[in-house]
Amino acid sequence: MKRILLVDDEKRMLDLLELYLVPHGYEVHKVRSGTEGLEELRIYSYDLVLLDIMMKDMDGMETCRRIRTFSKVPIIMLTAKDQKEDVIRGLKTGADDYITKPFDEEILIARIEALLRRENPQSSIQVNGLEWNSDTYELHFGNEEISLTPKEFQLLGLLLKHPNHVYDRNDLLDLVWGIQSDTGGRTIDSHVRHIREKIRRSGFPINDHLKTVWGVGYKWINK
C-alpha cells in the first residue's frame, strides 16, 4: 500500500483528498502545516506528498524547498494560484507536478499514479554492513541492532542519504529539530558524539565515515 502525506491548512480539503484517495488503495496521513509536514518526512517514509501552497505558518514553496534539502520524495503542489509564473516557480522549487484547484478527481489520481511509477524514495541504506531502515526504524550492523533515539536516528539518516555533503550545525537543527526550535548547536555535537559511541560499540568503523568538518559541521563519507 502506497503512503501519501497530505499537507494543507484547510481541514475540509484534507478530508476531501482522503475521500478521493482511500478508495484507490492509498494510505494517507494528514497534517495542517508545512512544519508538521517536514517533521513527518524526517521520521517516516512516504511515497508521495500532496502539498498546498497557501499556508499560514510556512507556505508550500518554502516547505517544498526544505523537503528537497533532504528528500527526493515525489511532490505534487495543489493550489488555487494558476498563473504561469506560480507554476514555473513551484516546479523550479522542486515540485514534480502542479495541479490547480478546483481539480478533477480522475486527473489527480492519474497524476499520482504517473509519479508513483517512478523510482520510490530510498528507505533503506547499507554501508559496509551498517543498515539504516526508515520503514522499520531500525539500525543494524550485521546481526546486532543499534539502539538510537529518534533524533539520533533522523540525524544519521540525513547524513547517510547525502554522502559527502557538508551540513553546518544550523542546517542540521532546521532539518532535524525544525525551524522553530530553540535548540543550540551544541545539541548537534552531543547527538553526533552519542551516535559515534553507540555505533563504535558494534564494531563498525564509524570514524572512517562520520567526519567532523571543523568550524562548519558534519558529513558522511562512503568508503
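Residues numbered from 1 in each chain as written. Predicted model: local features only at pLDDT ≥ 70, side-chain atom pairs only at ≥ 80, totals over all residues. Heavy atoms only, no water.

Undergrad: Is there a simple way to think about the nonpolar core in this case?
TA: Considering soluble globular proteins, one finds that nonpolar side chains tend to be buried as a cluster. Core analysis: the largest hydrophobic core is formed by 48 residues, its most contacted members being Leu-156, Ile-199 and Trp-220. Apart from residues no more than four positions distant in its own chain, Ile-199 is found in contact with Leu-130, Leu-139, Ile-146, Leu-156, Phe-204 and Ile-206. Formed by 20 residues, the second largest nonpolar core is a distinct cluster that contains Ile-4, Tyr-20, Leu-48 and Ile-76. (Core = buried A, V, L, I, M, F, W, Y, C linked by side-chain atoms within 4.5 Å. Buried < 20%, exposed > 50% of the residue type's maximum accessible area, 1.4 Å probe, protein only. Contact = heavy atoms within 4.5 Å.)

Undergrad: Whenever I open this one, the environment of Asp-52 confuses me. Can you help?
TA: Looking at the secondary structure, you find Asp-52 in strand 3 (residues 48-52). Exposure remark for Asp-52: the relative accessible area of 5% places this residue in the buried category. Distance in space between the C-alpha atoms of Asp-52 and Met-77 is 5.7 Å, their sequence separation being 25 residues. (Helix = DSSP H or I, 4+ residues; strand = E, 2+ residues; numbered from the N terminus.)

Undergrad: I keep staring at the sheet that holds strand 11 (residues 210-213) and nothing clicks. Help me out?
TA: The strands making up a sheet associate through hydrogen bonds between their backbones, and the pairing can be parallel or antiparallel. In spatial order, the strands read 10-12-11; together these 3 strands make up an open sheet with antiparallel pairing. Looking along the sheet, the strands with just one partner apiece sit at the ends: strand 10 (167-168) and strand 11. Where strand 11 and strand 12 (residues 217-220) come together, 4 bridges link them in antiparallel fashion. By the bridge assignment for strand 12, Leu-210 is matched with Trp-220. (Pairing = 2+ DSSP bridges.)

Undergrad: Would you explain the sheet that holds strand 6 (residues 124-127) in this entry?
TA: In space, the 4 strands of this open sheet follow the order 6-7-8-9, with antiparallel pairing throughout. Both edges of this open sheet fall to strand 6 and strand 9 (144-145), since each of them pairs with a single strand only. As paired strands, strand 8 (residues 138-141) and strand 9 are joined by 2 bridges and run antiparallel to one another. Within strand 9, the position partnered with Phe-141 by the bridge is Glu-144. This element, helix 6 (residues 150-161), spans strand 6, strand 7 (130-133) and strand 8 of the sheet and lies at about 110° to strand 7. (Axes fitted to C-alpha atoms, helices over the stretch in contact; angles between N-to-C directions.)

Undergrad: Even after reading the chapter, I still don't get the environment of Arg-65, so can you show me in this structure?
TA: Mapping Arg-65 onto the fold places it in helix 3 (residues 60-67). Put simply, Arg-65 and Lys-92 are 27 residues apart on the chain and 9.3 Å apart in space, counted from C-alpha to C-alpha. A distance of 2.8 Å separates the side chain of Arg-65 from the side chain of Glu-62, its partner in a polar contact. (Polar contact = N/O pair within 3.5 Å; in protein donor to acceptor, adjacent residues only side chain to side chain.)

Undergrad: Would you take a moment to explain helix 2 (residues 34-43) for this structure?
TA: Count 3.6 residues to each turn of an α-helix, and residues three or four apart come out pointing the same way. Of all 10 residues making up helix 2, 8 are buried, and the element is well covered by its neighbours. The set of residues buried in helix 2 consists of Gly-34, Thr-35, Gly-37, Leu-38, Glu-39, Glu-40, Leu-41 and Arg-42. Buried residues along helix 2 sit in contact with strand 1 (3-7), strand 2 (27-31), strand 3, helix 3, helix 6 and helix 7 (169-177).

Undergrad: Please clarify how the packing of helix 2 against helix 3 should be interpreted in this entry.
TA: The relative placement of two packed helices comes down to the angle between their axes together with the axis-to-axis distance. At a minimum axis separation of 10 Å, helix 2 and helix 3 run at an interaxial angle of 20°. If you check the angle between helix 2 and helix 3, you find them roughly parallel. Where helix 2 crosses over helix 3, the two elements pack in a sense that is right-handed. Taking contact as the criterion, the partners of Gly-34, Leu-38 and Leu-41 in helix 2 are, on helix 3, Thr-63, Arg-66 and Ile-67. Considering only residue class, the contact of helix 2 with helix 3 consists of 3 nonpolar, 2 polar and 1 charged. (Parallel < 35°, antiparallel > 145°, perpendicular 65-115°, else oblique. Left-handed = near helix turned anticlockwise from the far one by under 90°. Nonpolar A, V, L, I, M, F, W, Y, C, P; charged D, E, K, R; others polar.)

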